[in-house]
Amino acid sequence: MMLRLGAVVCLICFSTTLFAQQLSPQDLAAVEKAMKTIRPEQIRAHIRFLSDSLLQGRAPGTPGYDVAARYVATQLEGMGLQPGLKGAWFQPVPLQKAVVAASTSSVVLSAGGKERKLVDARDYVLDAWFASSGNLPAKEPVSAESDVNAPIVFVGFGVTAPDQNYDDYAGVDVRGKLIATIYGAPSRFPSTERAYYSDGIVKARNAVAHGAVGVLSIMLPEDVKRYPWEWLVPQIQVGEMHWLDKNGTPHDFFPELRGSALLSQQGAEALFAGAPRTLEQAFSSARASQPQSFSMPVSAHIHTVSTQTVLQSPNIIAELKGSDPALRDQYVVYTAHVDHLGTCPAVEGDNVCHGALDNASGTATLLEIARAYASLPRAPRRSVLFVFVTGEEMGLLGSDYFAHFPTVSLKSIVANINIDGAPGCFFSMKDVVALGAEHSTLGNEVTSAARRMGYELSPDPMPEEVSFIRSDQYSFVLQGVPAVDIQDGIKATDPKTNGFDVIKKWLVTRYHTPLDNIDQPIDFESAAKGSALNLLIGYEVAQHDEVPAWNKEDFFGTKFGPRHAGSASAGD
Ligand SMILES: [Zn+2]
């Protein structure tokens, strides 16, 4: 799962339509037989290979990732599935990478004629992207430089949400200024709105719309607790990537913003020295969801030097053609990210971030789900695409690229089912968490499939993790496609296991470290059952007459979705 800072509270359970369509007895027998082909040993073998040190953490643009991609394509070919791109398995994703040259970059605060040079990695960490040169024709690394020196205006969360009657920018003019903002969004917003407005790209766009020229970010102490500074910094220092369009222009690049730094608590205290309100007061207002803004008696000079490289990393795509001539031009799209972080700070002498659960497990189970589909005596009515994506950890890049340049028309994609962390790996579960199911009629298929598998559905137990916008399903949501991501539940079948504690502990001790490896306890039997659930959900979507649709007045549906409940039917 990608690291994207923010916060959300999502406790709304979804309701389901009565009399949702049922599978025929023949279809049910066929899919139940296919579900049984998903074997725990097969999942374990894929994870063992993909998380091996030889693959060096599968970072996009590295040989390790390319070996993983070949492995996935080889498996798919052996299953008898069709390549997704006119005979080819790989969709090349052009990427531009930027890494900060810390020794030649700097952040200096000036107030009352006095200068204070902040210390890299202790007080701040720079965002490499803001020294991007924009279009980059060269294959060789290029050095890029950016400079901004301007007064600072504090703008709370930096959120403008007319639908929530909330605007941190009200009453201040930030044209030509640097803004200082707090990560996240007001907790009084409904869950999904809070997740959306805490997205860094949404905030950057808002800053540009108000005329800002750069950004200084600070974090609430409670967020620092969840994302410790020492853990965060190396992940930012490895650099940033964006995908390139056909003209070689990086996507989601804001040339107006000429510098961006994340400040530590120490850096934030330096920033607030002499401010009209204390840092504590600013945090209190943020916690109370009160819009706030004021000019600060300080300016900042941000100088960013970065090394930029253009590279390519493929998505891997396989197709199973549907069996119903009237529906086979519609697609259910499964996704799982193959990439991980590459190398990272060593733990117990190991500096490979193996990404066994994140997301060799999702890749492994999607391979077995694909194999199960291929074993069906008759393909489902709609076609199914299996899309293994790159660049998730760098900002959902492979899935966002696919959603912008789909290999079938976007209109024909009826749903996305994403797997990030195969559900069930931690322990045998009584329940699952269906991220996104409350937004669309996909909730019907999720409910029916979960019931059939004997799983209860639980609300998101860790809403502050904003998981719904942190994995590849979000790339589809942004293009209007209803999506769901099944995550682990917290109720273990073994009463001695406290599921919530197991997952919480994993997030603190193994997530995005070398300890997410094949040697950790993994319940492969339970992962096979979780995979069968994902198979069944997609199969039901592929078989049902109705096209999945956003729920009426759903936030994401209203903002992005062309299809609403009742407005579309099979054959559209
Ligand atoms: Zn991750």
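Residues numbered from 1 in each chain as written. Predicted model: local features only at pLDDT ≥ 70, side-chain atom pairs only at ≥ 80, totals over all residues. Heavy atoms only, no water.

### As for the overall build of the protein chain
Tallying secondary structure elements over the protein chain gives 16 helices and 21 strands in all. With the C-alpha coordinates of the protein chain rotated into their principal frame, the extents come out at 80 × 50 × 50 Å. Split into buried and exposed, the 572 residues of the protein chain put 60% on the buried side. Taking contacts inside the protein chain between residues at least 6 apart in sequence as the whole, the part at least 24 apart equals 84%. Carbon and sulfur atoms make up 54% of the accessible area of the protein chain, which amounts to about 21500 Å² in all. (Helix = DSSP H or I, 4+ residues; strand = E, 2+ residues; numbered from the N terminus. Buried < 20%, exposed > 50% of the residue type's maximum accessible area, 1.4 Å probe, protein only. Contact = heavy atoms within 4.5 Å. Areas by Shrake-Rupley, 256 points an atom, 1.4 Å probe, with all protein chains shown as cover.)

### Details of the domain arrangement of the protein chain
Domain annotation of the protein chain identifies domain 1 (25-80 + 321-560) and domain 2 (97-309). Between the C-alpha centres of domain 1 and domain 2 there is a distance of 32 Å. On the side of domain 2, 21 residues touch domain 1, which itself brings 23 residues to the contact. Carbon and sulfur atoms make up 67% of the area that domain 1 and domain 2 hide from each other, which totals about 1900 Å². (Domains from an automatic or database assignment. Buried area = accessible area lost by both parts, 1.4 Å probe.)

### Regarding the pairing of strand β2 (residues 90-100)
Regular strands have side chains that alternate between both faces of the sheet. Bridging between β2 and strand β13 (residues 294-320) involves 11 bridges; their strand directions are antiparallel. Note that in β13 the partner of Pro 94 across the bridge is Gln 312. Here β2 runs beside strand β11 (residues 240-243); their pairing, made up of four bridges, is antiparallel. Looking at the pairing, Leu 95 lines up with Trp 243 of β11. (Pairing = 2+ DSSP bridges.)

### Focus on the environment of Ser 191
With respect to the helices and strands, the residue Ser 191 is situated in helix α4 (residues 191-198). Sequence-wise, Ser 191 and Glu 464 are 273 residues apart; in three dimensions their C-alpha atoms are separated by 9.4 Å.

### Digging into the nonpolar core
Membership of the largest hydrophobic core comes to 89 residues, with the highest contact counts inside it found for Leu 76, Ile 316, Tyr 373 and Phe 386. When residues of this core are sorted by domain, at least three fall in each of domain 1 (25-80 + 321-560) and domain 2 (97-309). With near-sequence residues (within four places) excluded, Tyr 373 lies in contact with Leu 320, Tyr 334, Pro 380, Val 384, Phe 386, Leu 535, Gly 538 and Tyr 539. Counting 54 residues, the second-largest nonpolar core is a separate cluster that includes Ala 195, Phe 294, Leu 435 and Ala 483. (Core = buried A, V, L, I, M, F, W, Y, C linked by side-chain atoms within 4.5 Å.)

### Quick word on the confidence of the model for the protein chain
Chain-level statistics for the protein chain give a pLDDT mean of 91 and a share of 93% at 70 or above. Segment residues 4-18 is flagged for pLDDT under 50; beyond a separation of four residues in sequence, or across chains, it makes 55 contacts in the model. Below a pLDDT of 50 lies the segment residues 564-572, which in the model reaches 22 contacts outside its immediate sequence neighbourhood of four places, other chains included. (pLDDT = per-residue confidence, 0-100.)

### Considerations on the packing of aromatic side chains
Using the criterion set out here, one finds 25 aromatic pairs in the structure. For the ring pair Phe 272 and Phe 294, a centre distance of 6.4 Å and an interplane angle of 85° mean the geometry is edge-to-face. Here Phe 272 is found in helix α8 (residues 265-272), whereas its partner Phe 294 is found in strand β13, with 22 residues between them in sequence. Among the residues examined, Phe 272 registers a relative accessible area of 6% and is labelled buried. A residue is classified by how much of its surface remains accessible, and Phe 294, at 10% relative accessible area, is buried. When the centroid spacing of 5.8 Å and the interplanar angle of 15° are considered together, the rings of Tyr 334 and Phe 386 count as stacked. With Tyr 334 in strand β14 (residues 331-337) and Phe 386 in strand β17 (residues 383-389), the pair connects residues that are 52 residues apart, well separated along the chain. Each of the two residues, Tyr 334 as well as Phe 386, counts as buried. Across the ring face of Tyr 455, the terminal group of Lys 529 is positioned such that the distance to the ring centre comes to 4.5 Å. (Phe/Tyr/Trp six-rings, centres within 6.5 Å; stacked < 30°, edge-to-face > 60°. Lys NZ or Arg CZ within 6 Å of the ring centre and 35° of its normal.)

### Brief notes about the side chain of Thr 363
Note on placement: Thr 363 falls in helix α10 (residues 356-374). Judged by its relative accessible area of 0%, Thr 363 falls in the buried class. Leaving out residues up to four positions away in the same chain, Thr 363 has contacts with Leu 50, Val 72, Ala 336, His 337, Val 338 and Phe 388.

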